[in-house]
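Given next are the chains, with one letter for each unit.
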Amino acid sequence: DGVEPLRLLSERVYVSTGGKVGAGKTKFPFELLIAPVKGMERLYDTYHGVYVKTVYELSINLTRGMLSAPLLCRQEFIVKVPSSEKYKSRPVEFKLEPDSLENVHKNSIERITPFHISGRFNRLNCPITDPITGEVTIDSSADAVHSIEVQLVRVESVAYKDGVAREATEVQNIQIAEGDVARGLP
């Protein structure tokens, strides 16, 4: 709050001069070149976050006679900036054990039944248009496993004068196994 938006794009196009519009349907074709304002290097993809938004909006303003209020219409449109760079990435291994859990107090770890889960993300840098792939293996578990879910979470961090605001939002949750799965199979 209190932070002025940064204008990334600003273009004004007059599609018609003043005059009368005849009865029936009248079309006014227009064309806009989408380019950043002076001083900005580039445009950014559309993004709707908790603390940050990058929004592109088309505003149509129809000015009528002196005694009539203008008609205004706003429409958001999505911008996906093409990238020529290739996403370089390598597979990343992971493991889950009682000692590696981050959301458990250290004095509670001894009460957790032993388990070992391993897996791999095929890549960490992934364009939004490509699937996120990998595998999960239940190496061992003293208790039955009821299901396995993979959750994609977006963590948004914004630095401000008093610290850093962090907000985690679930993007997608997929159940990849149900029931007590076999051990040691990817």
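The structure under discussion appears in the preceding block.
A short tour of the structure in this document, coming up.

What counts, and where the lines are drawn
- Residues numbered from 1 in each chain as written.
- Predicted model: local features only at pLDDT ≥ 70, side-chain atom pairs only at ≥ 80, totals over all residues.
- Heavy atoms only, no water.
- Phe/Tyr/Trp six-rings, centres within 6.5 Å; stacked < 30°, edge-to-face > 60°.
- Helix = DSSP H or I, 4+ residues; strand = E, 2+ residues; numbered from the N terminus.
- Buried < 20%, exposed > 50% of the residue type's maximum accessible area, 1.4 Å probe, protein only.
- Salt bridge = Lys/Arg side-chain N within 4 Å of Asp/Glu carboxyl O.
- Core = buried A, V, L, I, M, F, W, Y, C linked by side-chain atoms within 4.5 Å.
- Contact = heavy atoms within 4.5 Å.
- Polar contact = N/O pair within 3.5 Å; in protein donor to acceptor, adjacent residues only side chain to side chain.

Regarding the packing of aromatic side chains
So, step 1. Under the criterion given, the structure shown has two aromatic pairs.
So, step 2. For the pair tyrosine 56 and phenylalanine 77, a centre-to-centre distance of 6.2 Å together with 40 degrees between the ring planes defines the contact as tilted. Of this pair, tyrosine 56 sits in strand β3 (residues 56-62) while phenylalanine 77 sits in strand β4 (residues 71-77); the two residues are 21 residues apart in sequence, bridging distant segments of the chain.
So, step 3. By relative accessible area, which is 24% here, phenylalanine 77 ends up partly exposed.

A word on the pattern of salt bridges
So, step 1. According to the stated counting rule, one finds six salt bridges in the structure shown.
So, step 2. Across the pair glutamate 135 and arginine 120 runs a salt bridge whose closest N-O atoms are separated by 4.0 Å. Taken together, the residues glutamate 135 in strand β7 (residues 134-141) and arginine 120 in strand β6 (residues 115-121) connect sequence positions 15 residues apart.
So, step 3. Residues arginine 123 and aspartate 130 are paired through a salt bridge, measuring 2.8 Å at the closest nitrogen-oxygen approach.

Remarks on the nonpolar core
So, step 1. Core analysis: the largest hydrophobic core is formed by six residues, namely Ile117, Ile138, Val145, Ile148, Ala177 and Val181.
So, step 2. When sequence neighbours within four positions are dropped, the list of residues in contact with valine 181 reads Ile138, Val145 and Ile148.

Digging into the environment of threonine 46
So, step 1. Assignment of secondary structure puts threonine 46 in the segment before β1 (47-48).
So, step 2. Taking the relative accessible area as the measure of exposure, threonine 46 reaches 17% and is therefore buried.
So, step 3. With 109 residues separating them in the primary sequence, threonine 46 and valine 155 have C-alpha atoms 17 Å apart.
So, step 4. Beyond its immediate stretch of four places on either side in the chain, threonine 46 contacts Thr54, Tyr56, Glu76, Phe77, Ile78 and Val79.
So, step 5. A distance of 2.7 Å separates a polar side-chain atom of threonine 46 from the backbone nitrogen of valine 79.

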